[in-house]
Amino acid sequence: MSKVSLEGQVAVVTGAARGVGELLARKLSARGAKIALIGLEPDELKQVAGRLHSDADWWHADVTDHVAMARVAEEVKERFGKVDIVVANAGVATGGPFVDSDPVAWRRVIEVNLVGSAVTARAFLPVLTESRGYLLQIASLAALTPAPMMTAYCASKSGVEAYAHALRAEVGYKGVRVGVGYLSWTDTDMVRGADQDDVMRELRQQLPWPTNKTYPLGPAVDRIVAGIERRSAHVYGQWWLRGMQGIRGYLPSGIGVVGAQRMRRFEGRLGGVPKGLVGAGGAADETARGR
């Protein structure tokens, strides 16, 4: 599909206080889009809004809260007159062995990444239908391949990928396009937070190339912007992720064998892996919930 000019379009970005969401908001704004920022960190959101090149506003809301997100959708429509683009980007992560995981943190990853994405879509689909707009669901390499020590994150990102594909089939005839964005390890607070644990960092470094690298944020977000301009069904933050689609069916068995070897090697050190949400975004989420 040919590019659609973003000039004058209204884009909603969740998880917009930092990382992918913050830089995406800046790059969309630089192309003339008006920006609605949603997140759990009001001070950071206000600062991001103040740095944007175009008309922008922010809303403090938990993406898992149906009532709050419905209200935000109404207020964004009232503030800007329409909504053309929604990027469901908000996400959190936790790591470590499943058997020893914090059940509250594990569930929260599912709630934010999967349920929160659905709540976001439910709130904004009526206005996207009016504008025949575009919903981009941010997934992950974790949707394409399993990984030990990341059960909640893999489950949530596999879930949002499947959900978005199903939603595309439901709303396409109404003129609403739905895309899935895939990112490998990208230089964000979440990845840096996970890397603070020696076991998690070493496990990742032992993955096969090119999955063992941390990639710069800027080029990945540039690819997301290009996908939004084309209303793409699939958007790849790193070029090689497209090739993973063709081999994804073979990955679970291979990862099962190699992962078991790695886990055996690290067994004596697994007890020290932190059990909570990782990174500054994870800390903000726990603070907002009073944990």
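Further up the page is the structure itself.
Within any chain, residue numbers begin from 1 and follow the written order of that chain's sequence. Local features in a predicted model are, by the rule used here, given only for residues with pLDDT of at least 70; side-chain atom pairs are given and counted only at 80 or more, and totals for whole chains, interfaces and linings are based on all residues. As a convention, hydrogens and water are excluded, and side-chain values are obtained from all of the structure's heavy atoms.

> Would you mind going over the pairing of strand 1 (residues 10–14) with me for this structure?
Consecutive side chains of a regular strand alternate in pointing toward one face of the sheet and then the other. Categorising residues by exposure relies on relative accessible area from a 1.4 Å probe, with only protein chains included: less than 20% of the type maximum marks a residue as buried, more than 50% marks it as exposed, and the intermediate range marks it as partly exposed. Only runs of H or I of at least four residues qualify as helices and only runs of E of at least two qualify as strands under DSSP, and these elements are numbered from the N terminus. With five of five residues buried, strand 1 is to be regarded as a mostly interior element. Where burial is concerned, the two faces of strand 1 agree: the one with Val10, Val12 and Thr14 and the one with Ala11 and Val13 are both buried. Relative to strand 2 (residues 34–39), strand 1 runs parallel, the two being bridged by five bridges. Along strand 2, the bridge assignment pairs Val12 with Ala36. Whether a crossover is right-handed comes down to one check: with the strands pointing away from the viewer, does the path from the first strand over the helix to the second run clockwise; if it does, it is right-handed. Following the backbone out of strand 1, through helix 1 (residues 19–30) and into the adjacent parallel strand 2, one traces a crossover that is right-handed. Here, any two strands with at least 2 DSSP bridges between them count as paired.

> What should I look at first to understand the packing of helix 4 (residues 103–131) against helix 5 (residues 151–171) in this one?
Each packed pair of helices is defined by two parameters, the angle between the axes and the distance between the axes. For helices, the fitted line uses only the C-alpha atoms of the stretch in contact; every axis is such a line through C-alpha atoms, and the angle between N-to-C directions lies from 0 to 180 degrees. As a packed pair, helix 4 and helix 5 sit with axes 7 Å apart at the nearest point and diverge in direction by 20 degrees. Between helix 4 and helix 5, the angle falls in the class roughly parallel. Considering how the two elements wind past one another, helix 4 and helix 5 form a crossing that is right-handed. Between helix 4 and helix 5, the contacting residues are Trp106, Val109, Ile110, Asn113, Leu114, Ser117, Ala118, Ala121 and Leu125 on the first element and Thr151, Ala152, Tyr153, Ala155, Ser156, Lys157, Gly159, Val160, Tyr163, Leu167 and Val171 on the second. Think of it as three bins: nonpolar holds Ala, Val, Leu, Ile, Met, Phe, Trp, Tyr, Cys and Pro, charged holds Asp, Glu, Lys and Arg, and polar takes everything else, Gly as well. Looking at the contact of helix 4 with helix 5 residue by residue, the classes come out as 14 nonpolar, five polar and one charged. Throughout this description, any angle smaller than 35 degrees is read as roughly parallel, any larger than 145 degrees as roughly antiparallel, any in the 65 to 115 degree range as roughly perpendicular, and the remainder as oblique. Crossings are assigned a handedness: left-handed for a near helix turned anticlockwise from the far helix by less than a right angle, right-handed for a clockwise turn. In this description, contact between two residues means that some pair of their heavy atoms is separated by no more than 4.5 Å.

> How should I be thinking about the environment of Glu202 in this particular structure?
Its place among the elements puts Glu202 in helix 7 (residues 198–205). Counting along the chain gives 64 residues from Glu202 to Phe266, while the straight-line C-alpha distance between them is 9.5 Å. Setting aside anything within four residues of it in sequence, one finds Glu202 in contact with Phe266 and Arg269.

> Help me out: how do you make sense of the layout of surface pockets in this one?
Over the atoms, a rolled probe matching the size of one water molecule traces out where space is still vacant. The way it works is a 1 Å grid over only the protein atoms, where trapped points that fit a 1.4 Å probe form a cavity and open points with protein on both sides within 12 Å along at least five of seven lines form a pocket, and then any residue with an atom within 4 Å of a point lines it. Grid points are joined across faces, edges and corners, and a volume is the space filled by probe spheres set on the points. As a volume, the second largest pocket reaches approximately 270 Å³. Along its surface, the second largest pocket is lined by 18 residues, and Ala147, Pro148, Leu203, Arg204 and Leu207 are the ones closest to its centre. For the lining of the second largest pocket, the elements supplying multiple residues, two or more each, are helix 6 (189–195), helix 7 and helix 10 (251–266). Here the lining of the second largest pocket gets five residues from one element, more than from any other, and that element is helix 10. Taken together, the residues that form the lining of the second largest pocket break down as 12 nonpolar, three polar and three charged.

> I'm lost on the side chain of Ser54 in this one. Help?
Inspection of the secondary structure puts Ser54 in the loop between helix 2 (42–51) and strand 3 (56–60). Apart from the residues lying within four places of it in its own chain, the contact partners of Ser54 are Ser29, Ala33, Lys34 and Ile35.

> What's the story with the sheet that holds strand 7 (residues 234–236) in this structure? I'm lost.
Across a sheet, paired strands are connected by hydrogen bonds in the backbone, their directions being either parallel or antiparallel. Taken in spatial order, the seven strands line up as 3-2-1-4-5-6-7 in an open sheet, and their pairing is parallel. The two strands at the open ends of the sheet, each matched to only one other strand, are strand 3 and strand 7. In this sheet, adjacent strand axes meet at a mean angle of 20 degrees when their direction is disregarded. Across the sheet, helix 2 is in contact with strand 2 and strand 3; its angle to strand 3 comes to roughly 170 degrees. Where helix 8 (residues 217–230) meets the sheet, its contacts fall on strand 4 (85–88), strand 5 (134–138) and strand 7, and the angle it forms with strand 5 comes to roughly 150 degrees.

> Can you walk me through the environment of Trp240 in this structure?
Structurally, the position occupied by Trp240 is in the loop between strand 7 and helix 9 (241–247). Classification of Trp240 as buried rests on a relative accessible area of 7%. Along the chain, Trp240 and Ser184 lie 56 residues apart, while their C-alpha atoms are 9.5 Å from each other. Not counting residues up to four positions away in its chain, the partners in contact with Trp240 are Leu141, Ser184, Pro210, Thr211 and Tyr215.

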